[in-house]
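# Architecture and fold: a report
Given next are the chains, with one letter for each unit.
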Amino acid sequence: MSFIATINPEHISDAVVATYSVRQAARAVVLDRDGRIALLHVARHDYYKLPGGGIEPGEDIATALIRECQEEIGCNIFVGESLGEVHEFRSRFLQHQISYCFMAQVEGEIGKPDFTPEEVADGFTLGWYTLEEARMILHSQSPTEYVGQFIALRDSAILSTVQ
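Below or above, wherever it landed, is the structure these notes cover.

What counts, and where the lines are drawn
Residues numbered from 1 in each chain as written. Predicted model: local features only at pLDDT ≥ 70, side-chain atom pairs only at ≥ 80, totals over all residues. Heavy atoms only, no water. Helix = DSSP H or I, 4+ residues; strand = E, 2+ residues; numbered from the N terminus. Rg over C-alpha atoms; globule rule 2.2 N^0.38 Å. Buried < 20%, exposed > 50% of the residue type's maximum accessible area, 1.4 Å probe, protein only. Contact = heavy atoms within 4.5 Å. Lys, Arg positive; Asp, Glu negative; His and termini not counted. Charge placed at Lys NZ, Arg CZ, Asp CG, Glu CD. Core = buried A, V, L, I, M, F, W, Y, C linked by side-chain atoms within 4.5 Å. Expected span 1.5 Å × (residues − 1). Salt bridge = Lys/Arg side-chain N within 4 Å of Asp/Glu carboxyl O. Arc of directions from axis to C-beta.

### Comments concerning the overall build of the protein
- In terms of regular secondary structure, the protein is built from five helices and eight strands.
- Scanning the protein from its N terminus toward the C terminus, one meets helices and strands in the order β-α-β-β-β-β-α-β-β-α-β-α-α.
- What you see for the protein is a C-alpha radius of gyration of 15 Å, in line with the 15 Å of a compact globule of 163 residues.
- Dimensions of the protein along its principal axes, counting C-alpha atoms only, are 50 × 35 × 35 Å.
- Per-residue burial over the protein gives 52% buried out of 163 residues.
- The long-range share in the protein, meaning contacts at least 24 apart out of those at least 6 apart in sequence, stands at 72%.
- Separation between the mean location of the 12 positive side-chain charges and that of the 24 negative ones in the protein comes to 3 Å.

As structure tokens, then:
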């Protein structure tokens, strides 16, 4: 898998990074039949994100991505080409997050997301956007919440790899 970016807004020494826990996640640029891209708006913290999330024990990357898309955007997907990896070093949590990123295509009908109670509380909503709209949204956002700042940088970098 190719490398997309390292999200590291502060200098972290190798000795510090060695103490970080590792979280692996799967993420996708999901296209519907009209070529629009799925973005989730997190109203409470005022940022947008691509669908995806953590890989659970015993899951492979594709299985995790399919499960996350069923939950977050309410549809089945075909996992396509790999876009690469993004590494985030979240110093507040002593966490090194590795996101494996893919293109994906909606398969079948688009249903309703099945948001967790936390996602509902954070005001998650789903929208579908052209590539240009999605790039503008992800590039121009300025979340004030710590995790949202990483997500904004990460997902903008991921979308920059899409032609």
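### With respect to the nonpolar core
- Counting 48 residues, the largest nonpolar core has Val29 and Val30 as the members making the most contacts within it.
- If we ignore the near neighbours within four places in the chain, the residues touching Val29 are Ile37, Leu50, Leu83, Phe102, Met103, Ala104, Ile158, Leu159 and Val162.

### Details of helix H2 (residues 61-73)
- In this model, H2 (13 residues) spans 18 Å end to end at C-alpha, consistent with the 18 Å of a helix rising 1.5 Å per residue.
- Taken together, the buried positions of H2 are occupied by Ala64, Leu65, Arg67, Glu68, Cys69, Glu72 and Ile73.
- Backbone geometry just downstream of H2 places Gly74 in the positive-phi region, at approximately 70 degrees.

### Description of the pattern of salt bridges
- Evaluation of the coordinates by the stated rule reveals 12 salt bridges.
- For Arg36, the salt bridge goes to Asp34, with nearest N and O atoms at 3.9 Å.
- A salt bridge links Arg67 to Glu68; the shortest N-O distance between them is 3.1 Å. Take Arg67 and Glu68: they sit in the same class, and that class is buried.
- Among the charged side chains, a salt-bridge network with shared partners connects Glu56, Glu59, Arg67, Glu68 and Glu71.

### Overview of helix H4 (residues 131-140)
- Those residues of H4 not exposed but buried are Leu131, Ala134, Ile137 and Leu138. The arc that holds every buried residue of H4, seen down its axis, measures 130 degrees, which confines them to one face. Turned more than 90 degrees off the buried face of H4, the exposed positions are Glu132, Met136, His139 and Ser140.
- Where H4 is buried, its residues touch strand S3 (37-42), strand S4 (47-49), strand S8 (124-129) and helix H5 (146-159).

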